[in-house]
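So you can see what is in the structure, the chains are spelled out below.
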Amino acid sequence: MPAKALVNPAHGPGNTCIAFSRDGQRVYTGGADTLVRIWDTGLGEDQEPPVAMEASEEVTTISAGSDCWVSGSKDSDVRRYESAKPNLQGLVANAAGVPIRCVAIDPKGKRVAVTSDEPTVKVVSLDDITQTVKLEGHTKAVRKATWHPSGALLTTCGADGKIIVWDLSGAEAKQEKVIEGVLPAVADAEAAEFAYDCSAVWHTSGQYFFVATRTHEIATISRTDWSKTSTLSDDACMGDITALALSNNGVYLAAAAKSGIFIWATQNRRMLFRYQGAIHAPITQMAFSPAKNLLAWTDAAGDLTRWIDPIPSSSPDPVKLSVGSSSVTISTKRKGTPTLFDDDNVDDARPTTDKLPTAEDLDGDLGIDLDNDDWILDDLGDGMEDDGEARRLAAEGGIREMVSVTKAQPPFQPGSTPMEKKKRYLAYNMIGVIEVTDQDTHHIVNVEFHDRSARKSYHFTDHFRYDLASLGERGALYACQPEAEHTAHIIYKPYGTWASQSEWTYEMPKGTRVLGLAAGGPPPSKSLREKSDIDIGGQGNVVVATSEGELVFLTGSGIERACLSLPGDFVTMVAGSEWVFVVTRDGSTTMDGSQNLTGRLIKFDDFCILQKDALPIPKRHTLQWVGITEEGAPAIYDSSGVLHIMPRFRIPLSATWVRALDTNKLERREGKDESYWPVGVAGDAFMCLILKGRQEHPGFPRPLIQELPIRLPFKRTDPKEGPLEEHFARETMLLDILRDGLGDELTTDDIAARELALDKGLIQLIQQACKTDRLARALDLTRLLHLTPSFDMAIKVAGFYHLIGLQEKMEALKAERESDDRLENLRERRRGFTEDFAPVPAMRLPTVGESSRPKAFQDFRPPPALHRPGLERATPVVDARTQDSQMTDDNAVYTGSFVDGMQENDFAFGSPGGKRKRLPDEEPNRSHSSDADLGAKRRALGEPTGKPAMLQARSNPFARKPGADNNNRNPFARSADTYKSVHKSESFFNKVDAAEAEKGKRPAQSKPKPKEKKDGGKQTTLFGLLPPQPADKKTASRGKEKAGSSADGSQETVATTDNGVQYESQPDTIMEETQDVGDTQIDDPSQTATEIETQETAGMEAEDLESPIEWPPSPEPQKRDLAVAG
């Protein structure tokens, strides 16, 4: 059958109770959270019920009367409330320090029976609570009490296993019957069985009641002889019967067991229906609605479940018997079916209501045969009429509001407590404590630090009644709310006192409230107690969350830096040295109990989101604390007792929450009723305050901080390998935090030491794996090793157990690790994270007067000219010193500046053969007194008549070959401006005119002075060889003969420039001299040296020729012209 159920998270885990109002419009639930919620049965799951919160301890029982309802709790009080409302009317009874176990109002609503852990039962009049009747008969605590439908009998069930029936019809109460051996005896009040509903459920006829027995059956106890007459059992119903409920007309009995919920027919004791939904927790109490086809129950998980239409429409209604039936169930025999106009039969068929039932009628059965189809009941009644609530809303023109069943968690400040007994904590963290004492007219704020060597404690008088505070590394932040004419404001008090007027106040706009504060900053490098101890780290950062949905960032000196918008409802936040962790609710809470919280990590330097993720808060639980670890990672703690840490928070938008500690599984918690109030996380220790019992906040005097070891909730139970694996995972998590903060550093001594310790633990695991012959596990553990020497230890372990194959694989892993630097890879990975999230450059639009950037595949312009200095042409420049010289049209004149520039680069293009010019200190010792030789050379070059014959051209071995690779260019060459193209002049006069024009444009240059001989290192040639040694006399004479032979014709050398253009240089030109040989003047010694060197080199080359050279006859003395051989 289909099961439509509405589930509401009503209370916290623990014992719960339930009761319907007399009209069936409300259902009351109480639980371990000390609250009583009043639910509207006409609404679905989307409702926010009113709450009665006067109880200080667990609510154990609820009962509803005609004009009120009462509740009992473990604080020993029975409270009376206004019907269907959480308005307290007063106390009814008190149990003198023991928990109240059950309250039950009689059918008339005049008396209430109260049971407790005392063996005495009290019956108190609701009209006059001083009229109390005490019933004594049990030897132990009384668990439940129920009334007979007539109100004359009271049945109590005790922990001693007794069922006592009390007769309260007379002036004095007396025991009617004591029934033993049916109920189980439960002596331990903390046992789960003690909270089961063991009530004696009276049938509406009043002739018998149902009770769950110790044999896991449902027994029927007859009122006639108080004996068991029958049992209700089925193979599907197994385990303890935890709760019973009877329908309003007594036709159906519902039973809850560990195997499910079953509905029985009271007439034939058959199981008819079964709840098809899942049961996640033991059901502690259940009840049928007195007005609807509805079955509701509460369980140990704190949930309220309403089963809509548990009885199908094809079966008798669980509320009404027939038209005109009385409140007490009567036997109704089937009458003759009336005809359409047979009024008499109709009157006979309709029973009268003014006649009281007789004993014989009460002893009869219901008169409904569920196995016979020959019956008709009015199952509709007034069901066709409009619902009263819907009618009212339609009349008012309103719309039923959809309210989430999960109450939204309000904003809170981490480490703060509510005001109790005029004292409270505004902040409690790893830095210190801020205590507040209410003095009626003002507050006294006392600030104390755990490390008093770095900061100095202080106190001050607070006239603004600050209710929010944050204790940071650099200062304390306080805030007050708006009141009357005063607006809300915050005040920041830095710890350092080296600067005057360090405190500042930040006023908020009118009507704006402060929801949260956070003070952050780096830890001080020096003590902040004295004025002389100045720390240049600043005064930290301040973050303020307002009711306008703003997140305001300020510096520690009060400078406003940013104002961000919160994407949802603010819940809480905490600040570190580099970021602030903000928790918001993006949207509303969910129907299944989730708070829907999201955490964002926002950086202080650029206000960008470093991390964003939903908080792993379990359903039906709330966030209790947010903080930062000693390593700087965000941490959260929820009401379920689980601590989460985000270790890889420095990797942008990639970190995850790690389940670091489950306090419910701590060994110290076994057999204790305690909870933990977080303070901080330091390394692998959880710093907290231990709260006893139902205490939710620390009190005064201030308790000591306790240290609990963090243990990852792994499921492995092996006593040897389990702790080692957990230790490795926990230490790896902490090492990841440290490695991510290294930046460009490879490692630190602390990280290296911790990695070595981890490798020792891994070696133990490898040894255990090898011992048990789990080779794949050993290989996986080897991959986790950090240091290379640790691989040698693993290989030795494998060799000790003679695992040759495993040993070879380990050696391969070692070789792979040695070939790859692990620390370098980790650093490159960190750099990659930074590069992946580099800022995107802004789009640059073209400005006026500038051409826009060409688009791809749309630029058809020619490519721009490339500037290649090595391919530029050289421009000939005529030196002023050579203006008096008479040269032929084919001569190329090189200035002294060009020659000097080439001397700086160890090249001399002025030489005829393109040879390197010899430096002054490399010149051989020659006798310059032989003017005849020099004159002969001059005369040999000065033949004016005829065209010299072309001899076989000898190429320059140092010249660049055509098509040579430019990459092999001489590294000592001058810049591009030196190489200029050489053009042949048309005539001598053209050259003179060009030289005069160039001279007019630039300052006149004086004749270059001969370079002084310097004592320096030996100069090498282009190919790294030493310069040639001075030639001897024989070589020099041969050079002279070679020079003389050149009179027959001049050599024409083909040179190639860097740009690939070939030109001809004719060093052996015909010159006309007007002076005698002896009168020849040598203006430039460097040029003379170059000519001599060129002639010597030519002579040396000529000596190496294979075939002899025929030299022409020498010219006669004192003759200028040299005959050229035809």
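None of the values given here were measured: they were computed from a predicted structure.

Rules behind the numbers
Starting from 1, residues in each chain are numbered consecutively following that chain's sequence as written. In keeping with the predicted nature of the model, local features appear solely for residues at pLDDT of at least 70, side-chain atom pairs appear and are counted solely at 80 or more, and the whole-chain, interface and lining totals rest on all residues. Here the side-chain values reflect all heavy atoms present in the structure, with hydrogen atoms and water set aside. By the criteria applied, helices consist of DSSP H or I runs no shorter than four residues and strands consist of E runs no shorter than two, each listed in order from the N terminus. Axis definition: a line fitted to C-alpha atoms, over the contacting stretch in the case of helices. Angles run 0 to 180 degrees between N-to-C directions. Oblique is the label for any angle not covered by the other classes, which are roughly parallel (under 35 degrees), roughly antiparallel (over 145) and roughly perpendicular (65 to 115). Crossing handedness is read from the near helix: turned anticlockwise from the far helix by less than a right angle, it gives a left-handed crossing, and turned clockwise, a right-handed one. We call two residues in contact whenever any of their non-hydrogen atoms come within 4.5 Å of each other. In this description, strands pair whenever DSSP reports at least two bridges between them. The quantity called pLDDT is the predictor's confidence in a given residue, expressed from 0 to 100. Only residues whose relative accessible area exceeds 30% and that form no salt bridge are eligible for patches; like-charged ones are grouped when within 9 Å, while nonpolar side chains (Val, Leu, Ile, Met, Phe, Trp, Tyr) are grouped when within 5 Å. With residues, only the protein chains shown are counted as cover, and all accessible areas are computed by Shrake-Rupley using a 1.4 Å probe. Any Lys or Arg side-chain nitrogen found within 4 Å of a carboxyl oxygen on Asp or Glu counts as a salt bridge. Partly exposed describes any residue whose relative accessible area lies between the buried limit of under 20% and the exposed limit of over 50%, with all areas from a 1.4 Å probe on protein chains only and scaled to the type maximum. Classification used: nonpolar for Ala, Val, Leu, Ile, Met, Phe, Trp, Tyr, Cys and Pro, charged for Asp, Glu, Lys and Arg, polar for all others including Gly.

### Considering unusual backbone geometry
Piece 1. Looking along the chain, the bond that leaves Phe700 and enters Pro701 is cis, with omega of 0°.
Piece 2. Assignment of secondary structure puts Pro701 in the loop between β50 (685–692) and β51 (706–709).
Piece 3. We note that Lys421 has phi near 55°; this positive angle belongs to a residue other than glycine.
Piece 4. Within the secondary structure layout, Lys421 lies in the loop between α3 (388–396) and β29 (423–428).
Piece 5. At Leu653, a residue that is not glycine, the phi angle is positive and equals roughly 55°.
Piece 6. Inspection of the secondary structure puts Leu653 in the loop between β47 (642–645) and β48 (658–662).

### Structural notes on the packing of helix α5 (residues 749–771) against helix α6 (residues 775–783)
Piece 1. Where α5 meets α6, the axes come as close as 8 Å, and the angle between the chain directions of the two elements is 165°. Relative to α6, α5 is oriented roughly antiparallel. Where α5 crosses over α6, the two elements pack in a sense that is left-handed. Only Arg777, Ala778, Leu781 and Thr782 of α6 make contact with α5, whose side of the interface consists of Leu762, Leu765, Ile766, Ala769 and Cys770.

### A short note on the sheet that holds strand β2 (residues 17–20)
Piece 1. The strand order across the open sheet formed by 4 strands is β2-β3-β4-β5, and the pairing between neighbours is antiparallel. Of all the strands in the sheet, the pair left with one neighbour each is β2 and β5 (51–52).
Piece 2. Examined bridge by bridge, β2 and strand β3 (residues 26–30) share 4 bridges and lie antiparallel to one another. Opposite Ala19, over in β3, you have Tyr28 as the bridge partner.

### Re the confidence of the model for the protein chain
Piece 1. On average, residues of the protein chain carry a pLDDT of 76, and 66% of them reach 70 or more.
Piece 2. A low-confidence stretch, residues 1004–1018 stays under pLDDT 50, and its non-local contacts, those more than four residues away or across chains, total 11 contacts.

### Observations regarding a nonpolar patch on the surface
Piece 1. On the surface, a nonpolar cluster with roughly 290 Å² of combined accessible area is contributed by Ile609, Leu653 and Phe837.
Piece 2. With respect to the element layout, Phe837 can be found in the loop between α9 (822–836) and α10 (896–904).
Piece 3. You can call Phe837 partly exposed: its relative accessible area is 45%.

### Some remarks on the packing of α5 against helix α7 (residues 788–800)
Piece 1. For the pair α5 and α7, the least separation of the axes is 10 Å and the interaxial angle reads 20°. When the axes of α5 and α7 are compared, the pair comes out roughly parallel. In this structure, α5 crosses over α7, and the sense of that crossing is right-handed. Here Asp759, Ile763, Ile766, Gln767 and Cys770 of α5 come into contact with α7, specifically with Ser790, Met793, Ala794 and Val797.
Piece 2. Counted by class, the contact of α5 with α7 contains 6 nonpolar, 2 polar and 1 charged residues.

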